[in-house]
Amino acid sequence: MHRRAYVLLIGVATMMGALALITALALDKKLVDPDGFLGPSWLRLPLLVGGALLLDMLPRVLWHSRLKPALMWPIVRDRWTSHWNRERLTLVLMGLICFYVTYVSYRNLKSFLPEVMGLDRDYDRPLHEIDRFLFFGHEPAIVLHDLLGTSFVAYFLSYIYLWFLPLVPLALAAWLVWSRNISFGYWFATSQVLAWTLGTASYYLVPSVGPGFEYSWLYDNLDNTPASQLMNSLYNGRESVLRWGADVDAVQSVAAFASLHCAITLLVALMVQYTIKTRWVHWVGWVNFGITVVATLYFGWHYVSDDVAGIVIALLSFYLGGLASGQKFDRHGLSSHPTTTSSIVPVDDD
């Protein structure tokens, strides 16, 4: 008796899509794709799949053929037969579609948050008080600015923070296309949709905008950094949507609890640690996560509680995604091994 590894993947994406649609109808809104720079979804998804295929094939063909045309087709055929089998194609298509549905639903539900919960209902003050308590009465922002400075380090942290934007699709594509075990691709894709879904739920459980918006004067000395410019842009976008009735396709993208920057970068670090053997890649993943945590506090994107909640979301999503994809955790969860090489996962995998 078996169960499909992608049942959870499809179920979570379907639930998120339904919640977004129901909320939009209740608010008399329409669902929008805020990142539709590649055109409508019917065009974007084939482009993403085609891009993943091209990225896998082209460098391999050029390298192994030594630019000799006669050698190219056999290389393509061999790679297609050995790697792009039915299981791999199913994983890539399923992973991209479910992630796309989940992420677009997340962005819309995040945009609806102020209207659903009310503009005057937020937890910024208690979250800020917790921060001051943890920092012995001091402001975390001031402590970090005094400790790290506000010149070179500010720009360095800014670019690490913004690296998150391309990291999300690139990491997903990497595990879908190149994971040495099909179950690893399902693991990461399922963990991703779980993390974005739990993050959406946390926005509604503890609505807040973050210290950079609520206590903006603490960050006035960082106005010229790219991260601060992004914060100003998000603030203006939020005001235009909520106060001035902006374009119907615009969204507001401000919500602090929990930090999905921390959740997703930790999820990537964990996937690297558990599925990739190269030691230096482990270090890159963990250093990126650590610097991202600092950046969230340094620029005022999040409170300490937001980051802690993001870490909890990552750990829970990683574990549940591992169980759904057939991973067996060892050494009290400190390591794992796959019990399957495909999307077919034994019910009893002991």
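Residues numbered from 1 in each chain as written. Predicted model: local features only at pLDDT ≥ 70, side-chain atom pairs only at ≥ 80, totals over all residues. Heavy atoms only, no water.

If you check an unreviewed UniProt entry, the protein appears there as Phosphatase PAP2 family protein from Nocardioides jiangxiensis. Regarding the protein, the UniProt comment filed under Subcellular location (unreviewed entry) reads as follows: "Membrane". (UniProt positions renumbered as here; feature names shortened; annotations may be inferred.)

1. Quick look at the overall build of the protein
Along its length, the protein carries 14 helices and four strands. Compactness check: the protein gives a C-alpha radius of gyration of 22 Å against a globular reference of 20 Å for 350 residues, within 12% of the reference. By its C-alpha atoms, the protein is 65 × 50 × 45 Å across when sized along the principal axes. Considering only contacts in the protein between residues 6 or more positions apart, those separated by 24 or more positions represent 79%. In the protein, 24 side chains carry a positive charge and 26 a negative one; their mean positions are 14 Å apart. (Helix = DSSP H or I, 4+ residues; strand = E, 2+ residues; numbered from the N terminus. Rg over C-alpha atoms; globule rule 2.2 N^0.38 Å. Contact = heavy atoms within 4.5 Å. Lys, Arg positive; Asp, Glu negative; His and termini not counted. Charge placed at Lys NZ, Arg CZ, Asp CG, Glu CD.)

2. Observations concerning the nonpolar core
Soluble, globular proteins show a tendency: their nonpolar side chains are buried together. Within the largest apolar cluster, 85 residues are counted, with the highest numbers of intra-cluster contacts made by Phe188, Trp196, Phe299 and Phe318. The contact partners of Trp196, leaving out residues within four places of it in the chain, are Met16, Phe99, Thr102, Tyr103, Tyr106, Phe164, Val168, Leu260 and Ile264. (Core = buried A, V, L, I, M, F, W, Y, C linked by side-chain atoms within 4.5 Å. Buried < 20%, exposed > 50% of the residue type's maximum accessible area, 1.4 Å probe, protein only.)

3. Remarks on the pairing of strand S3 (residues 335–338)
Bridge count between strand S2 (residues 327–330) and S3: four bridges; the pairing is antiparallel. Its bridge partner being in S3, Phe329 is matched across the sheet by Ser336. (Pairing = 2+ DSSP bridges.)

4. Some remarks on the UniProt feature "transmembrane region" (unreviewed entry) in the protein
Mapped onto this numbering, the UniProt entry gives "transmembrane region" (unreviewed entry) at residues 42–63, 89–106, 152–177, 184–206, 250–271, 283–302 and 308–326. Counting secondary structure, residues 250–271 comes out at 55% helix and 0% strand; the distance between its end C-alpha atoms is 34 Å. Taken end to end, residues 283–302 has its terminal C-alpha atoms 24 Å apart, with 80% of it in helix and 0% in strand.

5. Focus: helix H6 (residues 140–148)
Among the residues making up H6, those that are buried are Pro140, Ala141, Leu144 and His145. End-on view of H6: buried residues confined to an arc of 125 degrees, all on one side of the axis. In H6, those exposed residues whose orientation departs by more than 90 degrees from the buried face are Asp146 and Leu147. On its buried face, H6 is in contact with helix H5 (124–134) and helix H13 (279–298). At the exit of H6 stands Gly149, carrying a positive phi of roughly 85 degrees. (Arc of directions from axis to C-beta.)

6. Some details on the environment of Phe329
Turning to its location among the elements, Phe329 is positioned in strand S2. Residue classification places Phe329 among the buried positions, given a relative accessible area of 18%. As for Phe329 and Tyr274, which are separated by 55 residues in sequence, their C-alpha atoms are 10.0 Å apart.

7. Topic: helix H8 (residues 164–178)
For the α-helix, the turn length of 3.6 residues means that residues three or four positions removed from each other point alike. Relative to the 21 Å expected for 15 residues at 1.5 Å per residue, H8 spans 20 Å between its end C-alpha atoms, a close match to the ideal helical length. Every buried residue of H8 is accounted for by Phe164, Leu167, Val168, Ala171, Leu172, Trp175, Leu176 and Val177. (Expected span 1.5 Å × (residues − 1).)

8. Thoughts on a nonpolar patch on the surface
Side chains of Leu8, Leu316, Tyr319, Leu320 and Leu323 sit close together on the surface and give an oily, nonpolar patch of about 390 Å² of accessible area. Counting residues per element, the nonpolar patch draws most heavily on helix H14 (residues 304–324), which supplies four residues. If you trace the backbone, Tyr319 turns up in helix H14. (Patch = residues over 30% accessible without salt bridge, like charges linked within 9 Å, V, L, I, M, F, W, Y side chains within 5 Å. Areas by Shrake-Rupley, 256 points an atom, 1.4 Å probe, with all protein chains shown as cover. Salt bridge = Lys/Arg side-chain N within 4 Å of Asp/Glu carboxyl O.)

9. Re the packing of helix H7 (residues 152–162) against helix H11 (residues 226–242)
Interaxial distance between H7 and H11 falls to 7 Å at its minimum, and their mutual angle equals 55 degrees. By the criterion of interaxial angle, the relationship of H7 to H11 is oblique. In contact with Tyr155, Ser158, Tyr159 and Leu162 of H7, H11 contributes Pro226, Ala227 and Leu230. Residue composition of the contact of H7 with H11, grouped by class: six nonpolar, one polar and no charged. (Axes fitted to C-alpha atoms, helices over the stretch in contact; angles between N-to-C directions. Parallel < 35°, antiparallel > 145°, perpendicular 65-115°, else oblique. Nonpolar A, V, L, I, M, F, W, Y, C, P; charged D, E, K, R; others polar.)

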